Amino acid sequence: MGQFPKDFFWGSSCSAYQVEGGNSNSDWWEWEKQSGVKEPSGNACSHYEFYENDFELAKNLNHNAHRLSIEWSRIEPEEGKFSTKELEHYKNVILSLKKRNITPVVTLHHFTNPLWFAKSGGWENPKSIDYFFRFVRKVVEALCGEVTYWVTINEPLVYTYYSYTIGIWPPKVQSFKVSRVVNNNLLKAHIKAYKAIHDIYKQSNLSSPLVSIAKNLQVFTACRSTLRNKLAVYLRNKFFNFDFIHKLIKNNALDFIGINYYMRGLVDVKGWGLNNLLLDVCKEGHSKLAKNSLGWDIYPQGLYDFILYFKKYNLPLFILENGICTDDDSARWNFIRGHLLNINRAMETIGVKVIGYLYWSLLDNYEWDKGFSPRFGLVEVDYKTQKRRIRESAKKFAVVCREGQIN
Ligand code: GCO
């Protein structure tokens, strides 16, 4: 049996674009149109309209925290023109959580950009840092009275990887050189936003906010112990898992470490090129682990190992995403339980402070280029009727959230 602290955050995560619907001023919306995707995001879960209802479900599932994101393209649909109506909307969304005693964790950038920003060169443009800064100030000035936990940027390296390295997501660039530029801009954007958020709270005489990023972590394992594979694992850990956080810590720009954890990836490198070393994966089915419906390896032990690794920074850790897409709901419960047991074991063995666990996701939602078929939700969504149905795994998780312990 594993006991969690009394003040532990229990809940789930969502991002605006994936659940709200109708985000027509965003670069993703444009990308969907241009690529002619089979399943555009459309109305998604109509969460923009039904958030009260969805938060009532979260409340009934004993969640005391919820992560959401603010859609930049709603707040600033045209360059420099900020929508008071949309700022008001997000304030209402946050108040709707708070009146249910659910602590909001607010993300400022979750993969999508306003179309005007994308057209001006997106994150390649050095001005992106100031554009983001201006947006962040607007939002934080409007919401600071209601929010303590901020996540500036969701999964910066995942974003760069899909959008600028392998070029599947907008703006579909394939270049290591550009990826480096974008990573640097994202890093600088966070540091600048971090300082701005703290300044705004100081000027408003509010107690300090807690600001971080959501860092995706993936376990990399070589399926054959060759020198090339070992080098690849070393490089991937360095570039994809650790460097970004390390740099932010050196800049005193993290108040906690936000972690998104899903999977293990098997590394099998076919050449000495940078392309091979950074991108090749095992295609020979060597992994015997259970998988989610997208074929990702399920590996709860990995979360334990990462928590141990991050102890050296002496900062609280917050699991901001951990989830499984599956059509077998009993696998969802096994997934949650397995990861919670590992978090608990890490907390007990080395006394590292983990402050919360947010499952991805509250609702089934729009999984980017994969459309609507991957089902991540604690709550099932019927996209035709927008009806919600609570899954059994959600009920089991609700007991953990209430009792603060896992058996
Ligand atoms: C990410 C994002 C989410 C995803 C989730 C499942 O990790 O890519 O934060 O938007 O939907 O992770 O893939």
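Heads up: the structure comes first, above all this text.
The sections below set out a description of the structure shown in this document. All values reported here derive from a predicted model rather than from experimental measurement.

### Focus: the sheet that holds strand 6 (residues 210-222)
Then step 1. Spatial strand order, 2-3-4-5-6-7-8-9: 8 strands in a closed barrel with parallel pairing. On average, each strand axis in the sheet is tilted by 30° relative to the strand beside it, whichever way the strands run.
Then step 2. Sheet topology note: the strand 3 (residues 65-69)/strand 4 (residues 103-109) ladder contains 5 bridges and is parallel. Following the sheet pairing, Ser69 is matched in strand 4 by Thr107.
Then step 3. Lying on the sheet, helix 10 (residues 227-250) is in contact with strand 6 and strand 7 (257-267); it crosses strand 6 at an angle near 175°.

### Digging into the layout of surface pockets
Then step 1. In this structure, the largest pocket encloses a volume near 1200 Å³.
Then step 2. Those elements giving two or more residues to the lining of the largest pocket turn out to be helix 8 (156-165), strand 6, helix 10, strand 7 and helix 11 (274-279).
Then step 3. By residue class, the composition of the lining of the largest pocket is 23 nonpolar, 11 polar and 15 charged.
Then step 4. Its volume calculated, the second largest pocket comes out at about 520 Å³.

### As for the nonpolar core
Then step 1. Ranked by internal contacts, the top residues of the largest apolar core, which has 118 residues, are Trp150 and Phe397.
Then step 2. A total of 11 residues in this core trace back to one element, the largest contributor, which is helix 9 (residues 176-203).
Then step 3. Apart from residues lying up to four places away in sequence, Phe397 is in contact with Trp10, Gly11, His63, Trp333, Ile336, Leu340, Tyr357, Tyr359 and Leu378.
Then step 4. By size, the runner-up hydrophobic cluster in this structure holds 11 residues, among which are Ala65, Val151, Leu320 and Ile355.

### Remarks on unusual backbone geometry
Keep in mind that most residues, glycine aside, have a negative phi and that most peptide bonds are trans.
Then step 1. Cis peptide bonds are those with omega within 30 degrees of zero, and the linkage from Pro170 to Pro171 qualifies with 5°.
Then step 2. Looking at where Pro171 falls in the secondary structure, it is placed in the loop between helix 8 and helix 9.
Then step 3. At the junction of Trp360 and Ser361, the peptide bond is cis and its omega measures out at 15° in the coordinates.
Then step 4. With respect to the element layout, Ser361 can be found in the loop between strand 9 (354-360) and strand 10 (379-382).
Then step 5. A positive phi angle, close to 60°, is found at Asn101, a residue other than glycine.

Conventions adopted
Residues numbered from 1 in each chain as written. Predicted model: local features only at pLDDT ≥ 70, side-chain atom pairs only at ≥ 80, totals over all residues. Heavy atoms only, no water. Pairing = 2+ DSSP bridges. Helix = DSSP H or I, 4+ residues; strand = E, 2+ residues; numbered from the N terminus. Axes fitted to C-alpha atoms, helices over the stretch in contact; angles between N-to-C directions. Contact = heavy atoms within 4.5 Å. 1 Å grid on protein atoms, 1.4 Å probe; cavity = no way out; pocket = protein on both sides within 12 Å on 5 of 7 lines; lining within 4 Å. Points joined across faces, edges and corners; volume = space filled by probe spheres on them. Nonpolar A, V, L, I, M, F, W, Y, C, P; charged D, E, K, R; others polar. Core = buried A, V, L, I, M, F, W, Y, C linked by side-chain atoms within 4.5 Å. Buried < 20%, exposed > 50% of the residue type's maximum accessible area, 1.4 Å probe, protein only.

Everything listed is a geometric property; what it means functionally is a separate question.
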